[in-house]
Amino acid sequence: MTIGPVDGQQVPRFAGPPTFARLPRLDEVSRADVAIVGLPFDAGVSYRPGARFGPAHIRQSSRLLRPYHPAVGVSPFASLQVADAGDLALNPFDITGALDACRAGILGLAQDGATVVGLGGDHTLALPALRALHALHGPLAVLHFDAHLDTWDTYFGAPYTHGTPFRRASEEGLIDQERSMHVGIRGPLYSAADLDDDARLGFAVVRADDYETDGVARTVERMRRRLAGGPVYLSVDIDVLDPAAAPGTGTPEAGGLTSRELLHSLRGLGPTGDEPGLDIVGIDVVEVAPAYDHAEITGIAAAHVIYDLLAVLAANRS
Ligand SMILES: N=C(N)NCCCC(=O)O
Ligand SMILES: [Zn+2]
Ligand SMILES: [Zn+2]
């Protein structure tokens, strides 16, 4: 028996605890299959700040989620014990210190047996998450949904920023260079060499435009073919969505995915009649910056991304 969300027939969904989906806190359960942890940190951003307030906003925007996922046919909170682990305390004045605290916090939760879902926070945090999970699993395939490559080298000479986590991760040997992929890439680069560097660092690319030409089903097939066969880290930068579907973010780019395309893609990573789902061992959803959001559009998108991924984890389990 799991402890699920507060019952929406007993306590109105605008009331009750401020945890993700009104789930129990981690200290209220004996063990968790999935730990949702806030990573309120945005000292790595290159443009609009504010993702430090992302975790609280995603939680607030998750109150309306219901227990049963009809498209996947699972009740994620009944199949899995999901709990909210609160926020890590990440020093806003010490980037390397914050990254190490993030690594240690995620490692502790994962060592206790939980699949960790990090609520960002800016994208710098994917690096310490990969450091933590590499310690447990070895090199990870990275499936990275983003408008941006995030394999740039430095900004103003700084190596740890939200535009550089996957270059650092590749240099540190944390990723499987044969099985990693960006999805949703679009918009201006600094130069054509950015793409050459990116390929050398081990990433294949699905462009946002590929959704238009190939459709979701074929695009998902490309992901499954590249990512199958070992542990997968899934990183979702909410700016993979079009600014119409995610205005509340720091570096928006026109021409992005619809929320339907993103959610459909994520559900496509689960088990099919013939194949097991991808072996997802860690997740982040980053770059939600509520100051630029309207009517919780971005927060709701992020909450649904997490809900659909929980459904995939539940389907993998059963
Ligand atoms: N990871 C995100 N969201 N953005 C990276 C953009 C880096 C730049 O300003 O070039
Ligand atoms: Zn991005
Ligand atoms: Zn990013």
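Going by an unreviewed UniProt entry, the protein carries the name Agmatinase and comes from Actinomycetospora endophytica. Regarding the protein, the relevant UniProt record gives this comment under Sequence similarities (unreviewed entry): "Belongs to the arginase family. Agmatinase subfamily."

What follows concerns the packing of aromatic side chains. Under the defined criterion, the tally for this structure stands at four aromatic pairs. Ring geometry for Phe77 and Tyr307: centres 5.8 Å apart, planes at 50 degrees, overall tilted. With Phe77 in helix H2 (residues 76–79) and Tyr307 in helix H9 (residues 297–317), the pair connects residues that are 230 residues apart, well separated along the chain. Here the two residues Phe77 and Tyr307 agree in accessibility, since each one is buried. Ring plane angle 85 degrees and centroid distance 5.3 Å describe the contact between Trp152 and Tyr190, whose orientation is recorded as edge-to-face. Here Trp152 is found in the loop between strand E4 (141–145) and helix H5 (165–171), whereas its partner Tyr190 is found in the loop between strand E5 (180–185) and helix H6 (193–200), with 38 residues between them in sequence. Relative accessible area serves as the criterion here: at 11%, Trp152 is assigned to the buried category. Take Tyr190: its relative accessible area is 60%, and that puts it in the exposed class. Between the NZ or CZ atom of Arg48 and the centre of the ring of Tyr292, over which it lies, the distance is 4.6 Å.

Basis of the calculations
- Residues numbered from 1 in each chain as written.
- Chains lettered and ligands numbered in written order.
- Predicted model: local features only at pLDDT ≥ 70, side-chain atom pairs only at ≥ 80, totals over all residues.
- Heavy atoms only, no water.
- UniProt positions renumbered as here; feature names shortened; annotations may be inferred.
- Phe/Tyr/Trp six-rings, centres within 6.5 Å; stacked < 30°, edge-to-face > 60°.
- Helix = DSSP H or I, 4+ residues; strand = E, 2+ residues; numbered from the N terminus.
- Buried < 20%, exposed > 50% of the residue type's maximum accessible area, 1.4 Å probe, protein only.
- Lys NZ or Arg CZ within 6 Å of the ring centre and 35° of its normal.

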